[in-house]
Amino acid sequence: MNVSTSTLGVRRRKANNQNIDDEENAAVLKLGPEFQLTQITNKGEEEQLIALNLSESRLLIRAALKERKRSKGDKQYDYDDDDENEKEDEISNMELAGPNSSEITRKTLNFLSSFARFKNQSSTDTVEKLLNDFSLQSSEPLHPFEIAQLGTLECEDAEEAKSLIPSLANKVSDVQLQSLLTELRKYQTLS
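Keep in mind it's a predicted model, so treat the numbers as computed, not measured.

## Focus: the overall build of the protein chain
- A tally of helices and strands in the protein chain yields seven helices and two strands.
- For the protein chain, the succession of helices and strands along the chain, N to C, is β-β-α-α-α-α-α-α-α.
- Here the protein chain holds 191 residues, and 32% of them are scored as buried.
- Within the protein chain, residue pairs in contact and separated by at least 24 positions form 59% of the contacts whose partners lie at least 6 positions apart.
- Here the protein chain has roughly 13300 Å² of accessible surface; of this, 50% comes from carbon and sulfur atoms.

Structural data, given as structure tokens:
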């Protein structure tokens, strides 16, 4: 008889129904320990939370994969490029990830290629600056999660943004938010 021993003797955590108030809720920014504003590094040092939008994640993963290719001696990745003229499709993502990469890496690249709003480094940097400046100008500074969501979601108007990111409701006016969304749309890369 084949019996998996991987879960033998493992105690599963049971849901604690006593404290429903402690439940995670993005609408009020109860996001769990991964999203605390102050994070502890592996070296035990404190640093501020950084939350990436999909465009930043895409650039970061692609840069890491290119660096890995460069370090292995692949001449195709010996020069710096801005990804502006680079063809990006499923086949190019497979080539970038390499033959030994996991299926998860390839699927992640394909997902980010499809859904990242800002495709090149310059527009992503500009958007990051816009979002950070907007956060500082708000009546209450925005949480990094809210900033990342504004950079990821393609909201048409302030009402839609506040319905998708409810924690923005009492932090920014509709006029300010609409102005930001209009500005973000200027830097969006159309595919």
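## Re the side chain of S123
- Tracing the backbone shows S123 in helix 4 (residues 121-137).
- Judged by its relative accessible area of 7%, S123 is buried.
- Side chain to side chain, S123 and N120 meet in a polar contact 2.8 Å long.
- Setting aside its immediate chain neighbours within four residues, S123 contacts F118, Y187 and T189.

## Some thoughts on the layout of surface pockets
- A volume near 360 Å³ is recorded for the largest pocket.
- For the largest pocket, the lining is made up of 17 residues, of which I50, A51, L52, E56 and E128 are closest to its centre.
- Contributing elements (two or more residues each) for the lining of the largest pocket: helix 1 (54-71), helix 4 and helix 5 (144-152).
- Ranked by the residues each element gives to the lining of the largest pocket, the list is headed by helix 4, at six residues.
- Grouping the amino acids of the lining of the largest pocket by side-chain chemistry returns 10 nonpolar, four polar and three charged.
- What the second largest pocket holds in volume is close to 200 Å³.
- Residue lining of the second largest pocket: 13 residues in total, with R68, K72, A97, G98 and P99 positioned closest to the centre.
- Tallying contributions element by element places helix 1 first for the lining of the second largest pocket, with three residues.
- When its residues are assigned to classes, the lining of the second largest pocket shows four nonpolar, five polar and four charged.

## A short note on the pattern of salt bridges
- Under the defined criterion, the tally for this structure stands at six salt bridges.
- With a shortest N-O distance of 2.8 Å, D174 and K162 are connected by a salt bridge. Of this pair, D174 sits in helix 7 (residues 174-187) while K162 sits in helix 6 (residues 158-164); the two residues are 12 residues apart in sequence, bridging distant segments of the chain.
- By relative accessible area, which is 44% here, D174 ends up partly exposed.
- Here K162 falls in the buried class, since its relative accessible area comes to 17%.
- The salt bridge involving K186 is made with E183; its shortest N-O contact spans 3.1 Å. In this pair, K186 and E183 both sit in helix 7, three residues apart, roughly one turn of the helix.

## Observations regarding the packing of helix 1 against helix 3 (residues 103-115)
- Following both chains from N to C, one finds helix 1 and helix 3 inclined at 135 degrees, their axes separated by 9 Å at the closest point. In this view, helix 1 runs oblique relative to helix 3, as classed from their interaxial angle. Like other packed secondary-structure pairs, helix 1 and helix 3 cross with a definite hand, here left-handed. Judged by residue contacts, L54, S57, R58, I61, R62 and L65 of helix 1 engage T105, T108, L109, F111, L112, S113 and F115 from helix 3.
- Classifying every residue of the contact of helix 1 with helix 3 by side-chain character gives seven nonpolar, four polar and two charged.

Cut-off values and rules
Residues numbered from 1 in each chain as written. Predicted model: local features only at pLDDT ≥ 70, side-chain atom pairs only at ≥ 80, totals over all residues. Heavy atoms only, no water. Helix = DSSP H or I, 4+ residues; strand = E, 2+ residues; numbered from the N terminus. Buried < 20%, exposed > 50% of the residue type's maximum accessible area, 1.4 Å probe, protein only. Contact = heavy atoms within 4.5 Å. Areas by Shrake-Rupley, 256 points an atom, 1.4 Å probe, with all protein chains shown as cover. Polar contact = N/O pair within 3.5 Å; in protein donor to acceptor, adjacent residues only side chain to side chain. 1 Å grid on protein atoms, 1.4 Å probe; cavity = no way out; pocket = protein on both sides within 12 Å on 5 of 7 lines; lining within 4 Å. Points joined across faces, edges and corners; volume = space filled by probe spheres on them. Nonpolar A, V, L, I, M, F, W, Y, C, P; charged D, E, K, R; others polar. Salt bridge = Lys/Arg side-chain N within 4 Å of Asp/Glu carboxyl O. Axes fitted to C-alpha atoms, helices over the stretch in contact; angles between N-to-C directions. Parallel < 35°, antiparallel > 145°, perpendicular 65-115°, else oblique. Left-handed = near helix turned anticlockwise from the far one by under 90°.

All we've got here are geometric facts, nothing functional implied.
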